[in-house]
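# Coordinate analysis (summary)
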Amino acid sequence: QVQLVESGGGLVQSGGSLRLSCADSAPTFSRNTMAWHRQAPGKQREWVAMIGIAGNTNLADSVKGRFTISRDNAKNTVYLQMNSLKPDDTAVYYCRNVDLDYWGQGTQVTVSS
C-alpha cells in the first residue's frame, strides 16, 4: 500500500522559516508529479506548489518568492522550504502524488504574529 508521510510542521514566529518533508513509498515516485496543498481553518483546501518529473516547478502567487519546492528522487522525498512566513500561512499542509492521486495525512504549520 503506497503512502505519503509528511513531517516538519510546527509553530514559528512571523518571518521565520520551516522545511516540510514528504516521504513517498510509491516505486514510481521519480516518474510522478508531486504537489503541496494547504487548508486553513474555515477555508477550502488550496494548491500551493507543484514539481514535475524534470524538476520544473510552479508556485501559487501567494507564496512566490517565499516558498521553494524541491525533490530528491534517491530518497523518494519532496520538500517545501518556507521562508518569510506570515500568519496567513497558518494551515494544515498536505503532500500529494498527483499522478497516482493520493494524499498524505497533513502536517500543521502555525505562524504566530
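Residues numbered from 1 in each chain as written. Predicted model: local features only at pLDDT ≥ 70, side-chain atom pairs only at ≥ 80, totals over all residues. Heavy atoms only, no water.

Counted by the stated rule, this structure contains 1 disulfide. Disulfide pairing places Cys 22 opposite Cys 95 at an S-S distance of 2.1 Å. Its S-S torsion of approximately -85° makes the covalent link between Cys 22 and Cys 95 left-handed. On the criterion of sequence distance, the pair formed by Cys 22 in strand 3 (residues 18-24) and Cys 95 in strand 9 (residues 91-97) is long-range, its members being 73 residues apart. (Disulfide = S-S within 2.5 Å. Helix = DSSP H or I, 4+ residues; strand = E, 2+ residues; numbered from the N terminus.)

Turning next to unusual backbone geometry. For Asn 76, which is not glycine, the phi dihedral falls at a positive 50°. Within the fold, Asn 76 resides in the loop between strand 7 (67-72) and strand 8 (77-82). The phi dihedral of Ser 84 is positive, around 50°, even though this residue is not glycine. Relative to the helices and strands, Ser 84 resides in the loop between strand 8 and strand 9.

Pairing between side chains of opposite charge can happen when the charged atoms of each approach one another. Per the stated rule, a full pass over the model turns up 5 salt bridges. Among the ionic pairs, Asp 89 bridges to Arg 38, the shortest N-O distance being 2.9 Å. Of this pair, Asp 89 sits in the loop between strand 8 and strand 9 while Arg 38 is found in strand 4 (residues 34-39), placing the two residues 51 residues apart along the sequence. Relative accessible area serves as the criterion here: at 2%, Asp 89 is assigned to the buried category. When its relative accessible area of 6% is taken as the criterion, Arg 38 is described as buried. Linking Asp 101 and Arg 96 is a salt bridge whose minimum nitrogen-to-oxygen distance equals 3.2 Å. (Salt bridge = Lys/Arg side-chain N within 4 Å of Asp/Glu carboxyl O. Buried < 20%, exposed > 50% of the residue type's maximum accessible area, 1.4 Å probe, protein only.)

A few words on the sheet that holds strand 8. Sheets are built from strands that pair by backbone hydrogen bonding, the pairs being arranged parallel or antiparallel. Pairing within the open sheet is antiparallel, and its 4 strands lie in the order 1-3-8-7. Edge positions in the open sheet fall to strand 1 (4-7) and strand 7, since each of these has one partner strand only. Taken over all neighbouring pairs, the strand axes of this sheet differ in orientation by 15° on average, direction set aside. Relative to strand 3, strand 1 is paired through 4 bridges, and the arrangement is antiparallel. Within the sheet, the bridge partner assigned to Val 5 lies in strand 3 and is Ala 23. (Pairing = 2+ DSSP bridges. Axes fitted to C-alpha atoms, helices over the stretch in contact; angles between N-to-C directions.)

Attention now moves to the nonpolar core. The tendency in soluble globular proteins is for nonpolar side chains to be buried side by side. By size, the foremost hydrophobic cluster in this structure holds 28 residues, and its most contacted members are Trp 36, Phe 67, Val 78, Leu 80, Met 82 and Tyr 93. For this core, the elements supplying multiple residues, two or more each, are strand 3, strand 4, strand 5 (46-51), strand 7, strand 8, strand 9 and strand 11 (107-112). Look past the residues within four positions of Phe 67 in its chain and what remains in contact with it is Arg 38, Val 48, Leu 59, Leu 80, Gln 81, Met 82, Asn 83, Leu 85, Asp 89 and Tyr 93. (Core = buried A, V, L, I, M, F, W, Y, C linked by side-chain atoms within 4.5 Å. Contact = heavy atoms within 4.5 Å.)

In this section: the pairing of strand 7. By the alternation rule, side chains of strand 7 split into Phe 67, Ile 69 and Arg 71, which are all buried, and Thr 68, Ser 70 and Asp 72, of which none is buried. In terms of strand pairing, strand 7 meets strand 8 through 6 bridges, oriented antiparallel. When the sheet's bridge partners are listed, Arg 71 is paired in strand 8 with Val 78. In sequence, strand 7 turns back onto strand 8 through a hairpin of 4 residues, with Asn 76 there showing a positive phi of about 50°.

What is shown is where atoms sit, not what they do.
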